[in-house]
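Residue-level structure breakdown
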Amino acid sequence: MSGDESWYDEAAGPLVRPYTITSGRTPADNARLDLSTQVMTLRSEQEPAGLGPEHQAIVQLCRHPVSVAEIAVYVKIPLGVVRVLVGDLIERGLVITRSPAHHPAQSPDLETLQAVLDGLIKY
């Protein structure tokens, strides 16, 4: 087994614990990154230095807006870890985020939701 192969198990995936990727840190309280928050890399003339492989993967992936949930799926790391890493990238000024607007006035009424639910149950 080579050095790279010993850190990956086909059935279990990477054998690196999430807390090692984040150095034991948890998402910052001021970073409001929910599942649907869109993340996009800011254009830069040069590749940012001093980033770990997971940070680099996120920077590469987010050249176009990608949700926090999608980042977790594509990079194959837990959601909590993604939130910490995106927070790091925000602090370094490498990405911007945009949360979806929640307008209560635009929410469907209960009657509409019940009609959709009734339609789904029929099929």
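Rules used in this analysis
- Per chain, residue numbering runs from 1 following the sequence as it is written.
- The predicted nature of this model means local features are confined to residues of pLDDT at least 70 and side-chain atom pairs, given and counted, to a pLDDT of 80 or more, with totals for whole chains, interfaces and linings taken over all residues.
- Note: side-chain values were computed over all heavy atoms of the structure, leaving out hydrogens and water.
- Numbering of helices and strands runs from the N terminus; a helix is a DSSP stretch of H or I covering at least four residues, while a strand is a stretch of E covering at least two.
- Partly exposed residues are those whose accessible area sits between 20% and 50% of the maximum for their type, while under 20% is buried and over 50% is exposed, using a 1.4 Å probe and protein chains only.
- Should any heavy atoms of two residues lie within 4.5 Å, those residues are counted as being in contact.
- At least two bridges found by DSSP between two strands is the condition for calling them paired.
- Interaxial angle, 0 to 180 degrees, is taken between N-to-C directions of lines fitted to C-alpha atoms, where a helix line uses only the stretch in contact.
- We define a nonpolar core as any set of buried Ala, Val, Leu, Ile, Met, Phe, Trp, Tyr and Cys residues linked to one another through side-chain atoms lying within 4.5 Å.
- Each C-beta atom gives one direction from the helix axis, and the arc is the one those directions make.

As named in an unreviewed UniProt entry, the protein is DUF742 domain-containing protein, taken from Amycolatopsis pretoriensis.

**What about the environment of I96?**
Checked against the element boundaries, I96 lands in strand β5 (residues 95-98). Residue class for I96 comes out partly exposed when judged on its relative accessible area of 45%. In this structure the C-alpha to C-alpha distance between I96 and Q38, which are 58 residues apart in sequence, comes to 8.3 Å. Beyond its immediate chain neighbours, meaning those up to four positions away, I96 contacts Q38, V39, M40 and L42.

**Quick look at the sheet that holds β5**
The three strands lie next to each other as β4-β3-β5, forming an open sheet whose pairing is antiparallel. If you trace the sheet from one side to the other, it starts and ends with β4 (66-67) and β5, each paired once. In terms of strand pairing, strand β3 (residues 38-41) meets β5 through four bridges, oriented antiparallel. Across the sheet, T41 pairs through a bridge with V95, a residue of β5. Across the face of the sheet, helix α4 (residues 79-91) comes into contact with β3 and β5 while running at roughly 115° to β5.

**Observations concerning the nonpolar core**
Counting 19 residues, the largest nonpolar core has V39, I58, I71, V82, V86 and L89 as its most contacted members. Of all the secondary structure elements, the ones that give two or more residues to this core are α2 (53-61), α3 (68-75) and α4. In terms of residues, this core owes the most to one element, α4, which gives five residues. Setting aside chain neighbours within four positions, we find V82 in contact with V68, I71, A72 and I77.

**Quick look at unusual backbone geometry**
Although it is not a glycine, K76 sits at a positive phi angle of roughly 65°. Here K76 is to be found in the loop between α3 and α4. Using a relative accessible area of 68% as the deciding quantity, one classes K76 as exposed.

**Some remarks on α2**
Since the α-helix packs 3.6 residues into each turn, any two residues three or four apart lie on the same face. When we look at burial in α2, the residues that qualify are H55, I58 and V59. The buried residues of α2 occupy one face: seen down the axis, they fall within an arc of 100°. Next to the buried residues of α2 lie β3, α3 and α4.

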